[in-house]
Amino acid sequence: MIIAALALGLVVGSLLGMVGGGGAIIAVPALVYGVGLPLEEAIPTSLIVVGAASAVAVLPRIRRGVNWRLALIVGSAGVATAFLGTMVNRLLDPGILLLAFAVIMVIAGIRMLMPIRGGGGPCALPGGGVRWRSCLPRALATGAVVGFLTGLLGVGGGFLIVPALTLVLGLPMSVTVGTSLVIIVINSIAGFTAHLGDVQIDWAVTGAFAATAMAASLIAGRLARGLSDSVLKRGFAVLVLIIAVYVAVQAVIVLVES
């Protein structure tokens, strides 16, 4: 289990460092099928790992690669809905959760394959500045949806935040990655706090997973500067779609057996 956690932590951390998201969408199935943790333990464990790795990955981008105001607005909007997502999580069958997870992964993968238009948006005008009358409600809605999914499925939300910040809010990719990482940290803390009362953590596995994920996220963040956004997005999308198929098959098996 420890060896598997170390190896898989490299994958999760690399994704976070390169594209500012995608860590948790890989971490949950990796912990369930690669490490062997039950789903109810894998979800809070993934929040610890992804939150820690994201905090490290944002370090090289602190000065010029983060829109802190938007990060705090989107992240704070998701705190309450993260608790709501956790309440719903306790009511659903694990097979249904895994199937929902697979569907979201497919949507995310397809969306990442689609081109993202350039230019400004309500939260990043072409000439600089922010149109807060239209930006604020979009930012709050984005945070609420991502926060709910964080509590429901144990995902930090980066695979949704990255396209949302670019398409819905209009941030350039140079700022989207760092801003996404800060939001993931906020959502991960909120999601894990919501699980505190009824979960046991295997700290040896969690520590091994988190250590390699943190190291990989820092290294990948520096290396990603030399790679084009299109290459990273397409590679990430293909990986997500492959894993989605596997998770969907496992979800069907769980539902049939139950």
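So, how was this worked out
Residues numbered from 1 in each chain as written. Predicted model: local features only at pLDDT ≥ 70, side-chain atom pairs only at ≥ 80, totals over all residues. Heavy atoms only, no water. Helix = DSSP H or I, 4+ residues; strand = E, 2+ residues; numbered from the N terminus. Buried < 20%, exposed > 50% of the residue type's maximum accessible area, 1.4 Å probe, protein only. Lys, Arg positive; Asp, Glu negative; His and termini not counted. Charge placed at Lys NZ, Arg CZ, Asp CG, Glu CD. Phe/Tyr/Trp six-rings, centres within 6.5 Å; stacked < 30°, edge-to-face > 60°. Axes fitted to C-alpha atoms, helices over the stretch in contact; angles between N-to-C directions. Parallel < 35°, antiparallel > 145°, perpendicular 65-115°, else oblique. Left-handed = near helix turned anticlockwise from the far one by under 90°. Contact = heavy atoms within 4.5 Å. Nonpolar A, V, L, I, M, F, W, Y, C, P; charged D, E, K, R; others polar. Disulfide = S-S within 2.5 Å. UniProt positions renumbered as here; feature names shortened; annotations may be inferred. Expected span 1.5 Å × (residues − 1).

Participant: Would you explain the overall build of the protein in this entry?
Facilitator: On a plain count of helices and strands, the protein comes out with ten helices and zero strands. In the protein, the order of α-helices and β-strands from amino to carboxyl end is α-α-α-α-α-α-α-α-α-α. Over its C-alpha atoms, taken along the principal directions, the protein stretches across nearly 55 × 35 × 30 Å. For the protein, the residues scored as buried account for 53% of the 258 residues in total. With 14 positive and 7 negative side-chain charges, the protein shows a separation of 30 Å between the mean positions of the two kinds.

Participant: Quick question: what am I supposed to make of the packing of aromatic side chains here?
Facilitator: Within a pair of aromatic rings, the relevant descriptors are the distance that separates the centres and the angle that separates the planes. Counting across every chain of the model gives one aromatic pair. Considering the side-chain rings of Tyr33 and Tyr246, the 5.2 Å spacing of their centres and the 80° angle between planes classify their relative orientation as edge-to-face. One end of the pair, Tyr33, is in helix 2 (residues 23-35); the other, Tyr246, is in helix 10 (residues 229-257), with 213 residues separating them in the sequence. According to the relative accessible area criterion, Tyr33 is partly exposed, its value standing at 26%. Among the residues examined, Tyr246 registers a relative accessible area of 42% and is labelled partly exposed.

Participant: Just to check I follow, could you spell out the packing of helix 6 (residues 132-153) against helix 8 (residues 173-195) for this structure?
Facilitator: How two helices pack is summed up by the angle between their axes together with the distance between the axes. Where helix 6 contacts helix 8, the axes come no closer than 9 Å and their chain directions differ by 40°. One finds that helix 6 runs oblique with respect to helix 8. In terms of crossing hand, the pair formed by helix 6 and helix 8 is right-handed. Here helix 6 contributes Val146, Gly147, Thr150 and Gly151 to the contact with helix 8, which in turn contributes Asn187, Gly191 and His195. Tallied by class, the residues present in the contact of helix 6 with helix 8 amount to one nonpolar, six polar and no charged.

Participant: Even after reading the chapter, I still don't get the state of the cysteines, so can you show me in this structure?
Facilitator: Structurally, a disulfide amounts to a covalent bond that connects the sulfur atoms of two cysteines. On inspection of all chains with the given rule, the structure shows one disulfide. The partner cysteine of Cys123 in its disulfide is Cys135, sulfur to sulfur 1.9 Å. Residues Cys123 and Cys135 are joined by a disulfide whose S-S torsion is about 110°; by sign, that bridge is right-handed. With a gap of twelve residues between them, Cys123 in the loop between helix 5 (94-113) and helix 6 and Cys135 in helix 6 connect regions that are remote in the sequence.

Participant: In this structure, what is going on with the UniProt feature "transmembrane region" (unreviewed entry) in the protein? I would like to understand it.
Facilitator: Per the UniProt entry, the sites bearing "transmembrane region" (unreviewed entry) are residues 44-62, 69-88, 94-114, 135-161, 167-189, 201-224 and 236-256 in this numbering. Across residues 94-114, the secondary structure splits into 95% helix and 0% strand, with the terminal C-alpha atoms separated by 31 Å. Along residues 236-256, the helical share is 100% and the strand share 0%, with 30 Å between the first and last C-alpha atoms.

Participant: How should the packing of helix 4 (residues 68-89) against helix 6 be read in this particular structure?
Facilitator: Two numbers describe how helix 4 lies on helix 6: the axes approach to 5 Å, and their chain directions differ by 35°. In the packing of helix 4 onto helix 6, the handedness of the crossing is right-handed. Looking at the contact of helix 4 with helix 6, its residues break down into 15 nonpolar, nine polar and one charged.

Participant: Just checking my understanding: could you explain helix 8 for this structure?
Facilitator: Within an α-helix, residues lying three or four positions from one another point in the same direction, as the helix has 3.6 residues per turn. Compared with the 33 Å implied by 1.5 Å per residue over 23 residues, the 32 Å span of helix 8 between its first and last C-alpha is a close match. The buried fraction of helix 8 is high, at 20 of 23 residues.

Participant: Would you explain the environment of Val247 in this entry?
Facilitator: Along the chain, Val247 turns up in helix 10. On the basis of relative accessible area, Val247 is assigned to the buried category, the value being 0%. Sequence separation between Val247 and Ala102 is 145 residues; the distance between their C-alpha atoms is 5.8 Å. Sequence-distant contacts of Val247, defined by excluding residues within four places in its chain, comprise Pro29, Tyr33, Leu98, Ala102 and Met105.

Participant: Help me understand the side chain of Thr179 in this model?
Facilitator: Summarising the element assignment, Thr179 is placed in helix 8. Here Thr179 is in contact with Gly65, Val66, Asn67, Ala71, Leu165 and Leu171, once residues within four sequence places are set aside.

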